[in-house]
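Each chain is listed here by its residues.
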Amino acid sequence: MNSDSAVKTPHFSLMPLMFQNFSCTLAIMAFVALVGPVASILSLEAWHIGVAMTLGGFTWIFCARWWGGLGDRHGRRRVMLLGLSGFTVSYFLLCLFIDLSLEWLLTPLLAFGGIALGRVIIGVFYAAVPASAAAMVADNLPANERAGAMAMLGAATGAGMVVGPGFVGLLAPYGLGLPMYITALLPLIALCVVWWRLPDQPPRATRAMPSPSLRDPRLRAPIMVAFVAAFSVSIAQVTVGFFALDVLQLDASAAAQVAGIALTVVGVALVLSQTLMRRLSWEPLNLIRVGAVIAAIGFAATALAASDWALWVCFGIAAAGMGWVYPSVSALAANAVESSEQGVVAGTVSAAQGAGGIVGPLVGTLVYALNAVVPYVLVAVMLLLVSAFATRLARV
């Protein structure tokens, strides 16, 4: 039976999954906001933090498909609880390690090793969270409702992106440890909510079955779009500060403020666009086609931005378009496979996004050296190609 024929499960609620996404994203973004000051106090170089973050990304890529397949065979709720438990414990231990490192002023080598190890362990367990959530949506909702449901999960993630850094900004004057410990409580609360509110359901794969290959024709479009989407967003994230310095001619403090506001605008635009998307009844390919064009316009216009307000508007437009692309990719993949394959496929999409998030900053910084506008033009062209590809698939 193809997954398109799935029916809506009674009493299924998105709220536990949304709160889970919000809590985990807020915790991760709080760490990102704090890691700069922490690195400065511990005499760590920027590349130390870059390596630690990259290692965490690699473990996410390598583990996402494995977690997804585990959910197919042993049930989504069980795997989600296991992943959330591991994430909660490992994130708290990382916060504890950083706090003690700041108190004891560990050597840079020991501090780097502990932070890198913590990020790796967090990446291993967090890989289970988005894959299990997407697969659970596919299990419980019919094909025509999946894109809207994925959009609501994305809106919760976007809210976490906005609230996390702002929360840190409010509590940082009281010490770097306080915001870390408070944000470490949220995944624990999410774990309790998921355990309490999500019903246990039987595994979808009733026997050992081969997982869909990465070369499976059904997955080519979702993998490609997921990679390009994450690649595009990560390039914008890593270059916006440099753009404010070099193009807008701001000093370091002003550039940091402008970049921070730009990323906040991104989070707000994601929430708004994905909330609107829930009200639409478009097919995933149509959402990808239109969203990619909107995002391409925003990124292309960024290359012409000559003021902070122009930069914020352009980033808002780009994020609004990406807000339609991201959840539609997950829905497109879910609609293409059988119910017993949803976990592995959700993990595959998550891994493709992780790969784009790693490759994007590397490529973005390299082409930025050619000219400050090149990364944004490159992203705009890639997104227009994605839109053309989606248009072609929609006509088949």
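Let us look at the structure shown here.

Reading the values: rules and limits
- Residues numbered from 1 in each chain as written.
- Predicted model: local features only at pLDDT ≥ 70, side-chain atom pairs only at ≥ 80, totals over all residues.
- Heavy atoms only, no water.
- Helix = DSSP H or I, 4+ residues; strand = E, 2+ residues; numbered from the N terminus.
- Expected span 1.5 Å × (residues − 1).
- Buried < 20%, exposed > 50% of the residue type's maximum accessible area, 1.4 Å probe, protein only.
- Patch = residues over 30% accessible without salt bridge, like charges linked within 9 Å, V, L, I, M, F, W, Y side chains within 5 Å.
- Areas by Shrake-Rupley, 256 points an atom, 1.4 Å probe, with all protein chains shown as cover.
- Salt bridge = Lys/Arg side-chain N within 4 Å of Asp/Glu carboxyl O.
- Core = buried A, V, L, I, M, F, W, Y, C linked by side-chain atoms within 4.5 Å.
- Contact = heavy atoms within 4.5 Å.
- 1 Å grid on protein atoms, 1.4 Å probe; cavity = no way out; pocket = protein on both sides within 12 Å on 5 of 7 lines; lining within 4 Å.
- Points joined across faces, edges and corners; volume = space filled by probe spheres on them.
- Phe/Tyr/Trp six-rings, centres within 6.5 Å; stacked < 30°, edge-to-face > 60°.

**So, helix α4 (residues 108–126)**
So, point 1. With 19 residues, α4 ought to run about 27 Å at 1.5 Å a step, and its terminal C-alpha atoms sit 26 Å apart, in line with that.
So, point 2. Among the residues making up α4, those that are buried are Ala111, Phe112, Gly114, Ile115, Ala116, Gly118, Arg119, Ile122, Gly123 and Tyr126.

**A look at a nonpolar patch on the surface**
So, point 1. Together, Val293, Ile297, Val313, Ile317 and Leu384 make up an exposed nonpolar region whose accessible area comes to about 400 Å².
So, point 2. Those elements that place two or more of their residues in the nonpolar patch are α10 (284–302) and α11 (308–336).
So, point 3. By the secondary structure assignment, Val293 is in helix α10.
So, point 4. Using a relative accessible area of 31% as the deciding quantity, one classes Val293 as partly exposed.

**Details of the nonpolar core**
So, point 1. Counting 58 residues, the largest nonpolar core has Leu14, Leu17, Leu44, Tyr91, Ile98 and Val137 as the members making the most contacts within it.
So, point 2. Of all the elements in the fold, those that place two or more residues in this core are α1 (15–41), α2 (46–74), α3 (76–104), α4, α5 (128–140), α6 (143–171), α7 (177–197) and α11.
So, point 3. Setting aside chain neighbours within four positions, we find Tyr91 in contact with Ala27, Ala30, Phe31, Ile122, Met180, Thr183 and Ala184.
So, point 4. Formed by 50 residues, the second largest nonpolar core is a distinct cluster that contains Val233, Val349, Met382 and Val386.

**Some details on empty space enclosed by the protein**
So, point 1. For the coordinates displayed, the defined rule picks out 2 cavities of 30 Å³ or more.
So, point 2. The calculated volume of the second largest cavity comes to roughly 60 Å³.
So, point 3. Surrounding the second largest cavity, 13 residues form its lining, Gly75, Arg76, Asp139, Gln201 and Pro202 being those nearest its centre.
So, point 4. For the lining of the second largest cavity, the secondary-structure elements that each account for two or more residues are α2, α3 and α5.

**Let's talk about the packing of aromatic side chains**
Any two aromatic rings considered together are summarised by their centre-to-centre distance and by the angle between their planes.
So, point 1. Throughout the structure, instances matching the rule amount to 13 aromatic pairs.
So, point 2. Summarising the aromatic geometry, the rings of Phe243 and Tyr376 are spaced 5.5 Å apart at their centres and angled 80° between planes, so their arrangement reads as edge-to-face. In this pair, Phe243 sits in helix α8 (residues 220–246) while Tyr376 sits in helix α13 (residues 374–395), placing the two residues 133 residues apart along the sequence. Tyr376 carries the same exposure label as Phe243, and that label is buried.

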